[in-house]
Amino acid sequence: MPAKDSPENEWKNLKSDAEHALQTLLTQIDRHTQAQELFEAYTYAKRVAADALKARMLMHLPDENPKFRELYDRVQAELDLRYSQFFPEGFLKAPYGDQLHEYLFSLLQENLAEPIEAAKLRIVTADGVHTERRTRELRELGMDVDWYKEDGIDVYVLRSLELNLEALPSLVRTIVRKKTKCESEQERLLRNAGIPKK
């Protein structure tokens with residue numbers, strides 16, 4: 001039986017709300033309702049439908065992706081191997097290892113070497129505005145993620161399951177900037193590690 005907050009239960013709870021909200025929106029359109037009422041029906045339907053479809057998408061994706069973990073752990077191991085001697089212990093914790101990044105990777109992996117519309121990726125975050133940034137962060141980890149426009153539509157593609165370890169200096173810069181606010185300290189840390197400040 002699904003856990004209380006499982007995607008299955010979320011989907012079951014939200015599906016009828018989404019159906020009702022979308023039906024209400026269609027009714028408002030058919031009636032040529034006043035603009036403000038129509039906009040309110042739309043924003044409500046969009047929010048409820050996004051939450052419901054997120055739950056449905058998460059039912060489709062694995063809770064854990066061994067390939068994502070393998071690649072992420074390899075990035076961490078390479079950071080440690082190449083740069084740990086230049087930084088305090090624990091400083092170089094690789095970012096972007098949370099479940100959201102894992103879900104996005106899973107969706108890209110499922111369609112390996114095939115483009116996916118950004119709109120489909122946004123289902124994972126219930127249409128969150130930062131979805132595409134989270135997807136590009138996979139590339140910052142060295143994953144073979146590419147972005148381009150196809151017929152005017154933003155698409156992403158995971159071209160392979162290989163890592164680009166040349167991305168590591170840029171990743172170290174990101175970590176240093178997030179953990180150190182002082183610019184001169186950032187420059188010192190990067191200089192000591194032999195990484196140019198860009």
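Definitions and limits used
Residues numbered from 1 in each chain as written. Predicted model: local features only at pLDDT ≥ 70, side-chain atom pairs only at ≥ 80, totals over all residues. Heavy atoms only, no water. Pairing = 2+ DSSP bridges. Helix = DSSP H or I, 4+ residues; strand = E, 2+ residues; numbered from the N terminus. Core = buried A, V, L, I, M, F, W, Y, C linked by side-chain atoms within 4.5 Å. Buried < 20%, exposed > 50% of the residue type's maximum accessible area, 1.4 Å probe, protein only. Expected span 1.5 Å × (residues − 1). Contact = heavy atoms within 4.5 Å. pLDDT = per-residue confidence, 0-100.

Trainee: Lay out the pairing of strand β3 (residues 153–163) in plain terms, naming residues and giving numbers.
Mentor: Regular strands have side chains that alternate between both faces of the sheet. Note: strand β1 (residues 116–117) against β3, two bridges, orientation antiparallel. Across the sheet, Glu-117 pairs through a bridge with Val-155, a residue of β3. When strand β2 (residues 143–150) meets β3, the two strands line up antiparallel, connected through seven bridges. Bridge assignment links Tyr-148 to a residue of β3, and that residue is Val-155. Connecting the antiparallel pair β2 and β3 is a turn made up of two residues, with Asp-151 showing a positive phi of about 55°.

Trainee: Kindly report on the nonpolar core, identifying the contributing residues and their values.
Mentor: Counting 40 residues, the largest nonpolar core has Leu-79, Tyr-83, Phe-87, Met-143 and Val-172 as the members making the most contacts within it. When contributions to this core are tallied by element, the ones reaching two or more residues are α2 (35–60), α3 (66–83), α4 (99–110), α5 (118–122), β2, β3, α7 (168–179) and α8 (183–192). Counting residues per element, this core draws most heavily on α3, at six residues. Listed in part, the eight residues of the second largest apolar core include Ala-18, Ala-41, Ala-45 and Ala-52.

Trainee: Account for the sheet that holds β1, with residues named and values stated.
Mentor: Reading across the sheet, the three strands line up as β1-β3-β2 and stay open at both edges, with antiparallel pairing between neighbours. Each having just a single partner strand, β1 and β2 make up the two edges of the open sheet.

Trainee: Kindly report on α2, identifying the contributing residues and their values.
Mentor: In this model, α2 (26 residues) spans 37 Å end to end at C-alpha, consistent with the 38 Å of a helix rising 1.5 Å per residue. When α2 is considered as a whole, its buried residues turn out to be Ala-41, Ala-45, Val-48, Ala-49, Ala-50, Ala-52, Ala-55, Met-57 and Leu-58. Here the buried face of α2 lies against α1 (7–30), α4 and α5.

Trainee: How would you explain the environment of Leu-100 if you had to name every residue and give the values?
Mentor: Mapping Leu-100 onto the fold places it in helix α4. For the pair Leu-100 and Ala-118, spaced 18 residues apart in sequence, the C-alpha separation works out to 15 Å. With residues up to four places along the chain from it excluded, the contact list for Leu-100 reads Val-124, Thr-125 and Arg-134.

Trainee: Account for the confidence of the model for the chain, naming residues and giving values.
Mentor: When pLDDT is low, close inspection of the predicted coordinates is not appropriate. Model confidence for the chain is summarised by a mean pLDDT of 94, while 98% of its residues fall at 70 or above. Per-element averaging of pLDDT across the chain places α1 at the bottom with 93 and α3 at the top with 98.

Trainee: So what's going on with unusual backbone geometry? Which residues, and what values?
Mentor: At Tyr-96, a position not held by glycine, the phi torsion is positive, near 65°. What makes Tyr-96 buried here is its relative accessible area of 8%. One non-glycine residue, Asp-151, lies in positive phi territory at about 55°. Its location among the elements puts Asp-151 in the loop between β2 and β3.

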